[in-house]
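Each chain is listed here by its residues.
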Amino acid sequence: MGGDVMPDGVEKQTWGKARVALESLPPAGLQCLGLLADLPLIAAAPLSLVLGLTQQHTYTLLDQLGASGLVTGTRVALAERSAPKLYHLSDLGLSALSLARNTDPRSLAMHRKLAREHLLAALPGAALLATDYELLGAVASSRSGPVSLLGYERPWRAPHARRGSKSPGYAHWGALTRLQWGDHGGQST
């Protein structure tokens, strides 16, 4: 499984490969890498809805990114007869996205929980995560026009005042997603 944070000895080699891969990205490639940083372990079907592409085009894009070493996938049994491939950034993909965003790959991996240990820890909850992503895809495709993912926070905790207490309580929800449609202004769900 990708997502390891690179050891110092291979940084120059990785940065060079990342630069080359970034220069040869197919259309929608950088957007896909960004979404995989925000939505690790996502199946192609909900990813296609957020990208605004057909599933066939999304699979082609993921195959191209995979052939470039930027993306990898892991088959996970989510239900009795369902074992979709769940996609995430490889180390090279993390490096390329970091170059594009002018950020440190280690910081990005830790902040977005993209390192190997984070991805492995998320696998037991993959069925619930897949359901969250399916709902996100449905909402993203519910309006016409291009959609942008402004934020995704899972799990989401919201502070609230507790009666008779000076310290806040916290309400917990599965996820908070912020989307924006290009032709309809901002929208939060």
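Please refer to the structure higher up on the page.
So, here is what we can say about the structure in this document. (Residues numbered from 1 in each chain as written. Predicted model: local features only at pLDDT ≥ 70, side-chain atom pairs only at ≥ 80, totals over all residues. Heavy atoms only, no water.)

Regarding the overall build of the chain
Thinking step 1. For the chain, the count of helices and strands is eight helices and seven strands.
Thinking step 2. Here the chain holds 189 residues, and 37% of them are scored as buried.
Thinking step 3. Restricting to contacts in the chain with at least 6 residues of sequence separation, those with at least 24 account for 60%.
Thinking step 4. Surface accessibility of the chain: about 10300 Å² in total, with carbon and sulfur atoms responsible for 53%. (Helix = DSSP H or I, 4+ residues; strand = E, 2+ residues; numbered from the N terminus. Buried < 20%, exposed > 50% of the residue type's maximum accessible area, 1.4 Å probe, protein only. Contact = heavy atoms within 4.5 Å. Areas by Shrake-Rupley, 256 points an atom, 1.4 Å probe, with all protein chains shown as cover.)

A word on the side chain of Ser98
Thinking step 1. You can see Ser98 is positioned in helix α5 (residues 91–101).
Thinking step 2. Apart from residues no more than four positions distant in its own chain, Ser98 is found in contact with Trp15, Thr103, Asp104, Pro105 and Leu108.

Thoughts on the packing of helix α3 (residues 44–51) against helix α8 (residues 126–140)
Thinking step 1. Closest axis-to-axis distance for the α3/α8 pair is 8 Å, and the angle between their directions is 30°. Between α3 and α8, the interaxial angle falls into the category roughly parallel. You can see that α3 and α8 cross each other, and the crossing is left-handed. Along its contact with α3, which presents Pro46, Leu49 and Val50, the element α8 presents Tyr133, Glu134, Leu136, Gly137, Ala138 and Ala140.
Thinking step 2. When the residues that make up the contact of α3 with α8 are grouped by side-chain class, the tally is seven nonpolar, one polar and one charged. (Axes fitted to C-alpha atoms, helices over the stretch in contact; angles between N-to-C directions. Parallel < 35°, antiparallel > 145°, perpendicular 65-115°, else oblique. Left-handed = near helix turned anticlockwise from the far one by under 90°. Nonpolar A, V, L, I, M, F, W, Y, C, P; charged D, E, K, R; others polar.)

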